[in-house]
Amino acid sequence: MDGKEKLRESEIKLGSERSKWLENFWYHYKWPTIIVSFFVIVFLVCTLQMCTKEEEDFTVLYAGPAYLSSEDTSGIEDVMNFIMTESLGENGSNKTGLVSYHIMSKAQILAAEENGSYVDRSYNTTNNDNYYDYIMTGETSVCILDPELYANLVSNERLMKLDEALGYHCEDSEDGYGIKLSSLDIYEAYGAIKKLPEDSVVCVLRPPLFGRTSKDANFKKDMEMFGAILNFNAE
């Protein structure tokens, strides 16, 4: 047997041993390998999305009985982007996000059910819980809320007086904490905003101890957005 044949037999033997090792490994560790691989892929995908996603300059929160489709949400965001540019010129934001929670009050649920509509009460409760969790994160200051949700935040001292938030007296507020959406020019000017109930109240959350809006610079940016919404002139 010459050297070439010995080398070939050695390679075959080595390949066979590797194959047996892989078969044995796969037999004993198949599911742990699949599970670990799955989580590694998910982690890499999520990391890539986080690294490539554009950071939003502002986030506006809506919570109430209106269900907003993705098209409705995009329309409202486009209006917010436009009024910020109109208000602040080159310093205006073109990246505004809308976070919405479809929440019905007990009275609204009963009224809907009396009219023959089905209401998923479990879904409503979950959204309500998620909404309260979200306002504690400090991700946003500017809110557009159903009157009952608004009244709850006022009673729990979670909202700022508008004079304090804006730095000037706001005459259009009935209680000093919020303004009805329907009284603003932005509501009359844009059909996208009319997707929201006219009795919704525009208001400002108190800055938390932690989170994005706990930083003065971020809260100031949110107040620029809030001022642009209140002071928008359709003429």
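As the structure is a computational prediction, the values presented were derived from the model and not from experiment.

Rules of the game
- Residues numbered from 1 in each chain as written.
- Predicted model: local features only at pLDDT ≥ 70, side-chain atom pairs only at ≥ 80, totals over all residues.
- Heavy atoms only, no water.
- Core = buried A, V, L, I, M, F, W, Y, C linked by side-chain atoms within 4.5 Å.
- Buried < 20%, exposed > 50% of the residue type's maximum accessible area, 1.4 Å probe, protein only.
- Helix = DSSP H or I, 4+ residues; strand = E, 2+ residues; numbered from the N terminus.
- Contact = heavy atoms within 4.5 Å.
- Pairing = 2+ DSSP bridges.
- Axes fitted to C-alpha atoms, helices over the stretch in contact; angles between N-to-C directions.
- Parallel < 35°, antiparallel > 145°, perpendicular 65-115°, else oblique.
- Left-handed = near helix turned anticlockwise from the far one by under 90°.
- Nonpolar A, V, L, I, M, F, W, Y, C, P; charged D, E, K, R; others polar.
- Patch = residues over 30% accessible without salt bridge, like charges linked within 9 Å, V, L, I, M, F, W, Y side chains within 5 Å.
- Areas by Shrake-Rupley, 256 points an atom, 1.4 Å probe, with all protein chains shown as cover.
- Salt bridge = Lys/Arg side-chain N within 4 Å of Asp/Glu carboxyl O.
- Phe/Tyr/Trp six-rings, centres within 6.5 Å; stacked < 30°, edge-to-face > 60°.
- Lys NZ or Arg CZ within 6 Å of the ring centre and 35° of its normal.

**Overview of the nonpolar core**
(1) Moving on: Core analysis: the largest hydrophobic core is formed by 35 residues, its most contacted members being Met 80, Ile 186, Phe 226, Ile 229 and Leu 230.
(2) Moving on: Those elements that provide at least two residues to this core are strand E1 (58-64), helix H2 (70-88), strand E3 (142-145), helix H6 (162-166), helix H7 (185-189), strand E5 (201-204) and helix H8 (216-231).
(3) Moving on: Sequence-distant contacts of Phe 226, defined by excluding residues within four places in its chain, comprise Val 142, Leu 162, Leu 166, Val 202, Cys 203 and Val 204.
(4) Moving on: Judged by nonpolar contacts, the second largest core, of 16 residues, contains Tyr 101, Tyr 131, Tyr 150 and Cys 203.

**What to know about the pairing of E1**
Look at any regular strand and the pattern is simple: side chains alternate between the two faces of the sheet.
(1) Moving on: With seven of seven residues buried, E1 lies mostly within the body of the structure.
(2) Moving on: The pairing of E1 with strand E2 (residues 96-102) spans seven bridges and is classified as parallel. Looking across to E2, one finds that Ala 63 is bridged to Tyr 101.
(3) Moving on: Pairing of E1 with E3, which is carried by four bridges, proceeds in the parallel orientation. Bridge pairing in E3 links Leu 61 to Cys 143.

**Examining the packing of helix H4 (residues 121-135) against helix H5 (residues 147-155)**
(1) Moving on: Here H4 crosses H5 at 45°, and the two axes come no closer than 13 Å. What the angle tells us is that H4 and H5 run oblique. The hand of the H4/H5 crossing is right-handed. Across the interface between the two elements, Asn 128, Tyr 131, Tyr 132 and Ile 135 of H4 pack against Leu 149, Asn 152 and Leu 153 of H5.
(2) Moving on: In terms of residue class, the contact of H4 with H5 is built from five nonpolar, two polar and no charged.

**Topic: a nonpolar patch on the surface**
(1) Moving on: A contiguous nonpolar surface patch, about 320 Å² in accessible area, is contributed by Trp 31, Ile 34 and Ile 35.
(2) Moving on: Checked against the element boundaries, Trp 31 lands in helix H1 (residues 3-52).

**Side note on the packing of aromatic side chains**
(1) Moving on: Overall, the coordinates contain five aromatic pairs when judged by the stated rule.
(2) Moving on: Measuring from ring centre to ring centre gives 6.4 Å for Phe 82 and Tyr 190, while their planes differ by 70°; the resulting arrangement is edge-to-face. With Phe 82 in helix H2 and Tyr 190 in the loop between H7 and E5, the pair connects residues that are 108 residues apart, well separated along the chain.
(3) Moving on: Among the aromatic residues, those joined into a ring-pair cluster are Tyr 101, Tyr 131, Tyr 132 and Tyr 134.
(4) Moving on: Residue placement shows Lys 221 over the ring face of Phe 58; its charged tip is 5.9 Å from the ring centre.

**Things to note about the pattern of salt bridges**
(1) Moving on: Within this structure, the stated rule accounts for four salt bridges.
(2) Moving on: In this structure, Arg 121 engages Glu 113 in a salt bridge whose closest nitrogen and oxygen atoms are separated by 2.9 Å.
(3) Moving on: A relative accessible area of 31% means that Glu 113 is categorised as partly exposed.

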